[in-house]
Amino acid sequence: MIDTSILKSITPEHKELFGKVPLQLSHSLPSSPLFSMDALAELIERYPREHYSLVHMGEKGSARKTWREGNIGGLSGKQVIDWIENGRMWLNLRNVKTVDDRYQSLLDKIFREMGTSLPDSPTFNQGLGILISSPNAQVYYHADLPGQSLWQILGKKRVYVYPNTAPFVTGEQLENIALFNLETDMRYENWYDEHARIFDLEAGQMLHWPLNAPHRVENFDCLNVSMTIEYWSDEIRRSQMVNVANGLIRHKLGIAPKSRALKGVNFAGKAIFQKMFKNSKWLKKERAARRPVDFMLDGQNLGQIVNL
Ligand SMILES: [Fe+2]
């Protein structure tokens, strides 16, 4: 019988450990036609601007704060990939499932498999992103709010996963991510690495880690194509409501929040409070001010950017 499953070699230990510690598993996606170079080039060409991020970044080990966001400009999909292979860039096609139904079907299949083979709580609002990134590029130390996994399709990267507790990640940091999308403004110290789990992720391997566990990534000297999957569960959604409410209490009311409880009277009050403000004009303005788009790719000079 032909094995059409995406996740491979799940063992009884994986079932016990899933969500509690970082787990590296095998998968079959490198052979999927959805991830051929032609398919990716074609996808890039028709990708709506509002659904991608193009980020120019520092080299492995370089100083931080060199993270800038820009536009693809008039390049073809193939040119964009060539550009990335020759530059230091990170293209994130976010929300791929809303742009192309085939990836929605893939996502559904993955969660069906995870639902039967791994004991995670029921999930919703699953998302799928495709990351195409340059040789030696890095993604700085950060944490994500939804449940996450990273699937390597092409190339190789080293992933450092840190404990999801202080000092590696704090409630205030999670609030800032929830309010302002400031994932990469997190404090990072070199000695954190002594407490990280380190994984070399090759094509056909995926990594899943506990909720909010900070991580950073260094590409090896090759073009990298990866897929990110995110998801929400009832518990993750509650935790997000607390992040937003506590952030608003801190930034708008000037009070340091004390509780991160996910139920009870205190939580119920926060649930209402955050709902009133989470789509406010104030918040949108604050967010935009913190992340301007300021360059586009140079079509004439491979590896160069044009300032906007
Ligand atoms: Fe991440």
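All of these numbers come straight from a predicted model, not from anything done at the bench.

Student: Help me out: how do you make sense of the sheet that holds strand S10 (residues 197-202) in this one?
Tutor: Taken in spatial order, the four strands make up an open sheet running S7-S12-S9-S10, and their pairing is antiparallel. Edge strands, defined here as strands with exactly one partner in the open sheet, are strand S7 (138-142) and S10. Taking the axes of each pair of neighbouring strands and ignoring which way they run, one obtains an average angle of 20° across the sheet. As paired strands, strand S9 (residues 156-161) and strand S12 (residues 215-219) are joined by five bridges and run antiparallel to one another.

Student: Explanation requested: empty space enclosed by the protein in the structure shown.
Tutor: Space left empty within the atom packing is revealed by a probe, the size of a water molecule, rolled over the atoms. Scanning all chains against the criterion turns up one cavity of 30 Å³ or more. Computed from the structure, the largest cavity encloses a volume of approximately 30 Å³. For the largest cavity, the full set of lining residues is Trp-90, Ser-133, Ala-137, Gln-138, Val-139, Lys-157, Val-217 and Asn-219. The residue makeup of the lining of the largest cavity, split by class, is four nonpolar, three polar and one charged.

Student: It is not clear to me how the environment of Ile-84 should be interpreted in this structure. Could you clarify?
Tutor: Within the secondary structure, Ile-84 sits in helix H3 (residues 77-86). The spacing of Ile-84 and Asn-224 is 140 residues in sequence and 9.3 Å in space, taken between C-alpha atoms. Those residues in contact with Ile-84 that sit more than four places away from it in its chain are Met-89, Leu-91, Ile-132, Ser-133, Ser-134, Pro-135 and Leu-223.

Student: Sorry, what's going on with the environment of His-195 here?
Tutor: Secondary-structure assignment places His-195 in the loop between helix H6 (171-180) and S10. The partly exposed category is assigned to His-195, whose relative accessible area is 42%.

Student: Looking at this structure, how should I read the coordination of the iron ion?
Tutor: Geometry reference: four tetrahedral donors at a metal, ideal angle 109.5 degrees. Six octahedral donors, ideal angles 90 or 180 degrees. Coordination sphere of the iron ion, protein contribution only: His-142 (NE2), Asp-144 (OD) and His-215 (NE2), at 2.1 to 2.2 Å. Binding-site remark: the iron ion is held by donors from one chain whose sequence spacing is H-x1-D-x70-H. Note that His-142 is positioned in strand S7 and His-215 in strand S12, a separation of 73 residues in sequence. Classification of His-142 as buried rests on a relative accessible area of 9%.

Student: Just checking my understanding: could you explain H3 for this structure?
Tutor: The α-helix winds at 3.6 residues per turn, so residues separated by three or four positions along the chain end up facing the same way. All of the buried residues in H3 are Gly-77, Val-80, Ile-81, Trp-83 and Ile-84. Angular distribution of buried residues about the axis of H3 spans 155°; they occupy a single face of the element. In H3, the exposed positions angled more than 90 degrees off the buried face are occupied by Lys-78 and Asn-86.

Student: Explanation requested: the pattern of salt bridges in the structure shown.
Tutor: It is possible for side chains of opposite charge to pair when their charged atoms get near one another. Inspection of every chain in the model, using the stated rule, returns 14 salt bridges. Across the pair Lys-78 and Asp-82 runs a salt bridge whose closest N-O atoms are separated by 3.2 Å. Of the two residues, Lys-78 and Asp-82 both sit in helix H3, four residues apart, roughly one turn of that helix. A relative accessible area of 27% places Asp-82 in the partly exposed class. Notably, a salt bridge pairs Arg-158 with Asp-200, separated by 2.7 Å at the nearest N-O pair. Highlighted residues: Arg-158 in strand S9 and Asp-200 in strand S10, separated in sequence by 42 residues.

Student: Is there a simple way to explain the pairing of S12 in this structure?
Tutor: Burial of S12 is extensive: five of the five residues sit out of reach of the surface. Judged by which residues are buried, S12 turns out to be covered on both faces: His-215, Val-217 and Asn-219 on one side and Arg-216 and Glu-218 on the other are all buried. Note: S7 against S12, three bridges, orientation antiparallel. Bridge assignment links His-142 to a residue of S12, and that residue is His-215.

About the thresholds
Along every chain, residues carry numbers that run from 1 in the direction the sequence is written. Note on the predicted model: pLDDT of at least 70 is required for a residue's local features to be given, and 80 or more for side-chain atom pairs to be given and counted; whole-chain, interface and lining totals, by contrast, use all residues. Each side-chain value is derived from all of the structure's non-hydrogen atoms; neither hydrogens nor water enter the calculation. Between any two strands, at least two bridges found by DSSP are needed for them to pair. Numbered from the N terminus, helices here are DSSP runs of H or I no shorter than four residues, and strands are runs of E no shorter than two. With axes taken as lines fitted to C-alpha atoms, and helix axes fitted only over the stretch in contact, angles between N-to-C directions fall between 0 and 180 degrees. The definitions used throughout rest on a 1 Å grid laid over the protein atoms alone, on which a cavity is an enclosed set of points accommodating a 1.4 Å probe that cannot get out and a pocket is an open set flanked by protein within 12 Å on both sides along at least five of seven lines; lining residues are those having an atom within 4 Å of a point. Grid points are joined across faces, edges and corners, and a volume is the space filled by probe spheres set on the points. Each residue receives one of three labels: charged for Asp, Glu, Lys and Arg, nonpolar for Ala, Val, Leu, Ile, Met, Phe, Trp, Tyr, Cys and Pro, and polar for the others, Gly being one of them. Here a residue-residue contact requires only that any non-hydrogen atoms of the pair lie within 4.5 Å. Relative accessible area decides the class of each residue, using a 1.4 Å probe on protein chains only: under 20% of the type maximum gives buried, over 50% gives exposed, and in between gives partly exposed. Coordination shells were defined by N, O and S atoms within 2.8 Å of each metal, extended to 3.2 Å for Na, K and Ca; water is absent from the atom set, which can make sites look incomplete. Regarding the arc, it is the one traced by the directions from the helix axis to the C-beta atoms. A pairing counts as a salt bridge when a side-chain nitrogen of Lys or Arg comes within 4 Å of a carboxyl oxygen of Asp or Glu.

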